[in-house]
Amino acid sequence: MTQVSLVDLIAGARAGFLVSFPTDTVPALAALPEKAELIFAAKQRSQDKPLILMAADAEDLWSYVVGSDEEYKIWRSVMDKYLPGALTLVLPASGCAPKAMNPTDSMTIGVRIPNSAIAQTILAQTGPLATTSANVSGQPALQTMTEIAAQFPDVLTLAETECQREIPGLGVPSTVAKWTGSNWQILRQGAVNLEF
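Conventions we followed
Residues numbered from 1 in each chain as written. Predicted model: local features only at pLDDT ≥ 70, side-chain atom pairs only at ≥ 80, totals over all residues. Heavy atoms only, no water. Helix = DSSP H or I, 4+ residues; strand = E, 2+ residues; numbered from the N terminus. Rg over C-alpha atoms; globule rule 2.2 N^0.38 Å. Buried < 20%, exposed > 50% of the residue type's maximum accessible area, 1.4 Å probe, protein only. 1 Å grid on protein atoms, 1.4 Å probe; cavity = no way out; pocket = protein on both sides within 12 Å on 5 of 7 lines; lining within 4 Å. Points joined across faces, edges and corners; volume = space filled by probe spheres on them. Nonpolar A, V, L, I, M, F, W, Y, C, P; charged D, E, K, R; others polar. Pairing = 2+ DSSP bridges. Contact = heavy atoms within 4.5 Å. Axes fitted to C-alpha atoms, helices over the stretch in contact; angles between N-to-C directions. Phe/Tyr/Trp six-rings, centres within 6.5 Å; stacked < 30°, edge-to-face > 60°. Parallel < 35°, antiparallel > 145°, perpendicular 65-115°, else oblique. Left-handed = near helix turned anticlockwise from the far one by under 90°.

Draft legend 1. Main features of the overall build of the protein chain. Helix and strand counts for the protein chain come out as five helices and 10 strands. In terms of C-alpha radius of gyration, the protein chain reaches 16 Å, essentially the compact-globule figure of 16 Å for 196 residues. A principal-axis box enclosing the C-alpha atoms of the protein chain has dimensions of 50 × 30 × 30 Å. Every one of the 196 residues in the protein chain was classed for burial, and the buried ones make up 51%.

Written as structure tokens, this is what we have:
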């Protein structure tokens, strides 16, 4: 069991280790974007299922995406309305986006800002992290740090004592909306209903 303090989890993430912490949806399995292959290996996840780049703030995400001035305005208005929250936006990827996050389609990247105090605290100190739900691929998302520590003994999980004041996640994954160049396409309906 590798449950650690917030300070140790942040240090571990910055050092390139796999970590797990609560979010506003389901707990995340996370790593530095350039270490994304660790997540695929731990989850036994297919390479055609991309990871999500999670950050504390929209400003931390803009360098990873590319679009026209008009597109940036549209994306920013959606972010301002729904984020932080349970919405992932799939946008055209810039050259800064690590190919390891989306091995079969390096042209796009999913971005999200969680509405979770603990996740925000971690991400503010690590910078954006590659994330996905904490579970073996195809299995239900694990809901507690104890379950995650048991299933992924090599992952640094946030100690339950650090999570006591945190509002539990919804237990439902984020809604995933892809920018098509002119509008949004819902790839997965989750906790947020996107109005457009």
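Draft legend 2. Seen up close, the layout of surface pockets. What the largest pocket holds in volume is close to 660 Å³. Surrounding the largest pocket, 35 residues form its lining, R45, P50, I52, T132 and R188 being those nearest its centre. Residue assignment for the lining of the largest pocket shows that the elements contributing at least two residues are β4 (52-54), β5 (87-92), β6 (108-112), β7 (129-133), β9 (175-179) and β10 (184-188). Ranked by residue count, the leading element in the lining of the largest pocket is β6, at four residues. Of the residues contributing to the lining of the largest pocket, the split by class is 13 nonpolar, 15 polar and seven charged.

Draft legend 3. Quick peek at the sheet that holds strand β2 (residues 19-21). Read across the sheet, 10 strands follow the order β1-β8-β2-β3-β7-β4-β6-β5-β9-β10 without closing on themselves; strand pairing throughout is mixed. Edge positions in the sheet fall to β1 (3-4) and β10, since each has one partner strand and no second. Relative to strand β8 (residues 156-158), β1 runs parallel, the two sharing two bridges. Within β8, the position partnered with V4 by the bridge is L158. Most of the contacts of helix α3 (residues 69-82) go to β5, to which it runs at about 170°, and overall it touches β5, β6, β9 and β10.

Draft legend 4. Here's a closer look at the packing of aromatic side chains. For the coordinates displayed, the defined rule picks out four aromatic pairs. Geometrically, the ring pair formed by W62 and Y72 is edge-to-face, given 5.5 Å between the ring centres and 70° between the ring planes. In this pair, W62 is assigned in the loop between β4 and α3 and Y72 in helix α3, connecting sequence segments 10 residues apart. Using a relative accessible area of 11% as the deciding quantity, one classes W62 as buried. Every member of this aromatic cluster is reached through a ring pair, and the members are W62, Y72, W75, W179 and W184.

Draft legend 5. Representation of empty space enclosed by the protein within the structure. In total, this model carries one cavity of 30 Å³ or more according to the counting rule given. The volume enclosed by the largest cavity comes to roughly 40 Å³. Around the largest cavity, the lining residues are A93, A97, P98, K99, M101, N102, S106, T108 and I109. When the residues that make up the lining of the largest cavity are grouped by side-chain class, the tally is five nonpolar, three polar and one charged.

Draft legend 6. Local environment of the packing of helix α1 (residues 6-14) against helix α4 (residues 117-126). Packing of α1 against α4 leaves a shortest axis separation of 10 Å and a crossing angle of 40°. As the angle between them shows, α1 and α4 are arranged oblique. Crossing geometry of α1 relative to α4 is assigned as right-handed. Contacts between α1 and α4 pair L6, L9, I10, A13 and R14 from the former with T121, I122, Q125 and T126 from the latter. Of the residues in the contact of α1 with α4, the class split is five nonpolar, three polar and one charged.

The values are spatial; any link to function lies outside them.
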